Protein chains: 2
Amino acid sequence: MLDDLDRRLLEILIKDSRTSLKELAQQVGLSSPSVAERLRRLEDRGVIRAFTVEIDPQALGYTLQAIVRIRPLPGKLHIVQKLIEGIPEFGECDKVTGDDCFVARLFVRSIGDLDKLLDRIADKAETSTAIIKAQPIRRRPPPLAATAFSNP
Amino acid sequence: MLDDLDRRLLEILIKDSRTSLKELAQQVGLSSPSVAERLRRLEDRGVIRAFTVEIDPQALGYTLQAIVRIRPLPGKLHIVQKLIEGIPEFGECDKVTGDDCFVARLFVRSIGDLDKLLDRIADKAETSTAIIKAQPIRRRPPPLAATAFSNP
DNA sequence: TAGTTCTACCTAATTAAATAAGGTGATGAC
DNA sequence: GTCATCACCTTATTTAATTAGGTAGAACTA
């Protein structure tokens with residue numbers, strides 16, 4: 001589905017999505033119209049979901065982050081999900097198996113703000129929280145190649 | 001630190017970082033050189049950490065994701081951290097307070113692969129895993145404005 | 001107060017990039 | 001063997017980014 005050239009293009013774009021077609025073309029040994037066509041197809045196929053910018057939460061005043069495990073009380077699952085959707089402080093949120101709950105990231109400016117946010121869902125779910133101070137260790141996209149199993 | 005125009009520019013760029021300067025300029029009511037200058041400064045200040053692409057893990061064959069809680073055995077914290085850094089299947093990873101451990105995302109192609117990865121750190125840490133099937137509910141950057149507390 | 005500096009913006013000209021148009025050669029289907 | 005199709009190419013055109021130089025207003029200084 002993805003060939004080696006596609007993977008190389010994606011690798012470069014993950015690092016800097018403003019890399020020009022000319023530069024991309026040189027690096028993979030194609031002409032720029034060919035690269036443009038490949039990128040267009042990667043987008044069409046949904047491989048590239050978006051061109052975006054990564055923003056430093058600290059620059060916006062979010063000096064604290066928290067990973068929250070939210071287990072909705074019986075019958076409240078959809079209500080809780082709606083709540084989460086509506087609160088901008090929630091970053092990525094995953095519904096996980098096993099203990100049937102959500103695991104979400106919260107961006108906050110203080111412990112106080114965190115408490116207030118958790119209060120909002122307190123009567124609809126059980127929560128447990130782990131605080132992350134300052135910057136996460138690592139943020140990365142899925143691997144493109146050369147995984148521990150090397151079966152791309 | 002960030003004024004309203006900056007926030008509006010960031011909002012547009014989060015949605016599509018290829019938006020042209022001309023288009024950005026029109027939307028916020030500036031000229032394109034002014035917008036270019038603002039973006040340059042946002043990058044210099046570290047507010048914009050990177051221009052990047054968001055890639056669909058499924059398109060790369062990662063049909064499964066897992067959130068893993070990793071609690072290193074006494075004295076093994078740095079070894080575990082090094083291990084995580086070296087395994088490409090690990091996505092974002094946070095060191096969290098409270099129970100003194102890591103919370104990380106793993107991209108895998110099968111439960112078998114997940115087991116093999118966890119085996120690698122089994123003698124150095126305790127782990128507990130929650131599986132995410134298919135797509136996460138939501139992935140989002142920190143809020144730019146209009147938070148639950150509206151104190152930007 | 002008058003002069004100076006700084007900042008954030010502008011317009012116009014230049015340079016660079018993306019796109020569109022049209023062509024070639026290899027591969028596979030009928 | 002002919003005809004499509006595909007992925008690529010080059011060249012020309014269009015569009016975008018950058019550079020250079022200038023202006024108005026705020027704050028700073030003598």
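Residues numbered from 1 in each chain as written. Chains lettered and ligands numbered in written order. Predicted model: local features only at pLDDT ≥ 70, side-chain atom pairs only at ≥ 80, totals over all residues. Heavy atoms only, no water.

Chain A appears in an unreviewed UniProt entry as Transcriptional regulator from Mesorhizobium escarrei.

On to the protein's contact with DNA strand D. Taken together, the residues surrounding DNA strand D are Gly29(A), Leu30(A), Ser31(A), Pro33(A), Ser34(A), Arg38(A), Arg41(A), Ser20(B), Leu21(B), Lys22(B) and Pro33(B). Among the atoms of DNA strand D close to the protein, meaning within 4 Å, 84% are from sugar or phosphate groups. Interatomic distance of 2.6 Å between a side-chain N/O atom of Arg38(A) and a phosphate oxygen of DNA strand D. Breaking the surface near DNA strand D down by element, the ones donating at least two residues are helix 3 (32–44) of chain A together with helix 2 (21–28) of chain B. Residues of the surface near DNA strand D, tallied by class, amount to 4 nonpolar, 4 polar and 3 charged. (Near = heavy atom within 4 Å. Polar contact = N/O pair within 3.5 Å; in protein donor to acceptor, adjacent residues only side chain to side chain. Helix = DSSP H or I, 4+ residues; strand = E, 2+ residues; numbered from the N terminus. Nonpolar A, V, L, I, M, F, W, Y, C, P; charged D, E, K, R; others polar.)

Attention now moves to the protein's contact with DNA strand C. Near DNA strand C the following residues occur: Ser20(A), Leu21(A), Lys22(A), Pro33(A), Gly29(B), Leu30(B), Ser31(B), Pro33(B), Ser34(B), Arg38(B) and Arg41(B). Within 4 Å of the protein, the contacting atoms of DNA strand C are drawn from sugar and phosphate to the extent of 80%. Interatomic distance of 2.5 Å between a side-chain N/O atom of Ser34(B) and a phosphate oxygen of DNA strand C. When residues of the surface near DNA strand C are traced back to their parent elements, those giving at least two are helix 2 (21–28) of chain A together with helix 3 (32–44) of chain B. Counting residues per element, the surface near DNA strand C draws most heavily on helix 3 of chain B, which supplies 4 residues.

Quick look at the side chain of Asp56(B) now. Inspection of the secondary structure puts Asp56(B) in the loop between strand 1 (48–55) and strand 2 (64–72). Only 3.0 Å separates the side chain of Asp56(B) from the backbone nitrogen of Gln58(B), close enough to count as a polar contact.

Moving on to helix 3 of chain B. All names here are of chain B. Taking 1.5 Å of rise per residue, the 13 residues of helix 3 would be expected to cover 18 Å, and the 18 Å separating its terminal C-alpha atoms lies within 8% of that figure. For helix 3, the set of buried residues is Val 35, Leu 39 and Leu 42. Within helix 3, the buried residues cover an arc of 60° as seen down the axis, which keeps them to one side. Exposed residues pointing more than 90 degrees away from the buried face of helix 3 are listed as Pro 33 and Asp 44. In this fold, the buried residues of helix 3 make contact with helix 1 (4–15), helix 2 and strand 1. (Expected span 1.5 Å × (residues − 1). Buried < 20%, exposed > 50% of the residue type's maximum accessible area, 1.4 Å probe, protein only. Arc of directions from axis to C-beta. Contact = heavy atoms within 4.5 Å.)

Moving on: empty space enclosed by the protein. Scanning the entire structure with this criterion turns up 1 cavity of 30 Å³ or more. Of all the elements in the fold, those that place two or more residues in the lining of the largest cavity are strand 3 (90–96) and strand 4 (101–108) of chain A together with strand 3 (90–96) and strand 4 (101–108) of chain B. In the lining of the largest cavity, the residues fall into 6 nonpolar, no polar and 6 charged. (1 Å grid on protein atoms, 1.4 Å probe; cavity = no way out; pocket = protein on both sides within 12 Å on 5 of 7 lines; lining within 4 Å. Points joined across faces, edges and corners; volume = space filled by probe spheres on them.)

Quick look at the packing of helix 1 of chain B against helix 2 of chain B now. Residues and elements named next belong to chain B. Where helix 1 contacts helix 2, the two axes come as close as 10 Å, and the packing angle between them is 135°. Relative to helix 2, helix 1 is oriented oblique. Helix 1 and helix 2 meet at a crossing whose hand is right-handed. Of the residues in helix 2, those touching helix 1 at Leu 5, Arg 8, Leu 9, Ile 12 and Leu 13 are Leu 24, Gln 27 and Val 28. Tallied by class, residues from the contact of helix 1 with helix 2 come to 6 nonpolar, 1 polar and 1 charged. (Axes fitted to C-alpha atoms, helices over the stretch in contact; angles between N-to-C directions. Parallel < 35°, antiparallel > 145°, perpendicular 65-115°, else oblique. Left-handed = near helix turned anticlockwise from the far one by under 90°.)

Bringing the environment of Pro33(A) into the picture now. Residues and elements named next belong to chain A. With respect to the helices and strands, the residue Pro 33 is situated in helix 3. When its relative accessible area of 60% is taken as the criterion, Pro 33 is described as exposed. Distance in space between the C-alpha atoms of Pro 33 and Leu 21 is 7.8 Å, their sequence separation being 12 residues.

Taken as a whole and judged by the stated rule, the model has 28 salt bridges over all chains. With a closest N to O distance of 2.6 Å, Asp44(A) and Arg40(A) form a salt bridge. Placement of the pair is Asp44(A) and Arg40(A) together in helix 3, with a separation of 4 residues, close to one helical turn. Among the residues examined, Arg40(A) registers a relative accessible area of 41% and is labelled partly exposed. A salt bridge links Arg71(B) to Glu126(B); the shortest N-O distance between them is 3.4 Å. Within this pair, whereas Arg71(B) is found in strand 2, its partner Glu126(B) is found in strand 5 (residues 125–133), the two being separated by 55 residues in sequence. You can call Arg71(B) partly exposed: its relative accessible area is 31%. (Salt bridge = Lys/Arg side-chain N within 4 Å of Asp/Glu carboxyl O.)

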